[in-house]
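One letter stands for each residue in the lines below.
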Amino acid sequence: MRAFREAVEAGDLDAVEALLAEDVVFSSPVVFKPYPGRAITAAILRAVSQVFEDFRYDRELAGPDGRDHALVFTARVGDRELTGCDFIHVDEDGLIDELTVMVRPLSGAQALAAAMGARFDEIAKEAEARSAPAS
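So, a few notes on the structure that sits alongside this text. What you see is a predicted model; the values in this text were computed from it and never measured.

A short note on the nonpolar core
For soluble globular proteins, nonpolar side chains are generally found buried alongside one another. In this structure, Phe4 and Ile96 are the most contacted members of the largest nonpolar core, which totals 37 residues. Elements with a minimum of two residues in this core: helix H1 (2–10), strand S1 (20–27), helix H3 (38–51), strand S4 (68–77), strand S5 (80–90), strand S6 (96–104) and helix H4 (106–131). Not counting residues within four places of it along the chain, the set of residues in contact with Ile96 comprises Met1, Phe4, Leu19, Leu20, Ala21, Val24, Ile88, His89 and Val90.

A short note on the layout of surface pockets
Considering only enclosed or pocket space, the largest pocket measures out at about 520 Å³ in volume. Lining the largest pocket are 30 residues; nearest its centre among them are Ile44, Leu45, Val48, Ser49 and Phe52. Counting residues per element, the ones that place at least two in the lining of the largest pocket are H1, helix H2 (13–18), H3, strand S3 (53–62) and H4. Considering each element in turn, the lining of the largest pocket owes the most residues, six residues, to H4.

As for the sheet that holds S5
If you walk across this open sheet you meet the six strands as S2-S1-S6-S5-S4-S3, and the pairing is mixed. The open sheet has two edge strands, strand S2 (35–36) and S3, and neither has a second partner. Most of the contacts of H4 go to S5, to which it runs at about 75°, and overall it touches S2, S4, S5 and S6.

Cut-offs applied
- Counting starts from 1 at the beginning of each chain's written sequence and moves along it residue by residue.
- Restriction of local features to residues with pLDDT of at least 70 applies here, the model being predicted, together with a cutoff of 80 or more for giving and counting side-chain atom pairs; totals for whole chains, interfaces and linings are based on all residues.
- Hydrogens and water molecules were not included; the side-chain quantities draw on all heavy atoms of the structure.
- By nonpolar core we mean a set of buried residues, namely Ala, Val, Leu, Ile, Met, Phe, Trp, Tyr and Cys, connected to one another through side-chain atoms within 4.5 Å.
- For the exposure calls, accessible area comes from a 1.4 Å probe over protein chains only, and a residue counts as buried if that area is under 20% of its type's maximum, exposed if over 50%, partly exposed in between.
- Here a strand is any run of E in DSSP of at least two residues, a helix any run of H or I of at least four, and the numbering for each starts at the N terminus.
- In this description, contact between two residues means that some pair of their heavy atoms is separated by no more than 4.5 Å.
- A cavity here means a set of points on a 1 Å grid, drawn over the protein atoms and nothing else, where a 1.4 Å probe fits but cannot get out; a pocket is an open set with protein on both sides within 12 Å along at least five of seven lines, and a residue lines either one if it has an atom within 4 Å of a point.
- Grid points are joined across faces, edges and corners, and a volume is the space filled by probe spheres set on the points.
- Here the rule is simple: two strands pair whenever DSSP picks up at least two bridges between them.
- Under this scheme, a helix contributes an axis fitted over its contacting stretch, all axes are lines through C-alpha atoms, and angles between N-to-C directions fall in the 0 to 180 degree range.

What follows is the structure, encoded as structure tokens:
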């Protein structure tokens, strides 16, 4: 998905969040349970943008109906290099309703899990603040 890729590459996390459906489901490469909702997904993406170093997309693949996309990336977490893929599905409105991330090798996934785990309290607080109704 070109708009998502361009927003991520530009570091424009507000634009990334605007592309997420309210009911998006995020599946992490290091956690079994998926995370439902725009607020938690946006908070996770903001945190991972701080954890990944030297991030770049290398390839983009699209399904024939234009609703399925795969963005292959490389990045580093500390001294661990990893390769990954963002699998994206968009709904009928063109918003991302499924985002699944996979990474390899195991040592890279472990480094990512440790770095994100250390930030998870912050991620949860940000998600809660974003999902709270405005007063």
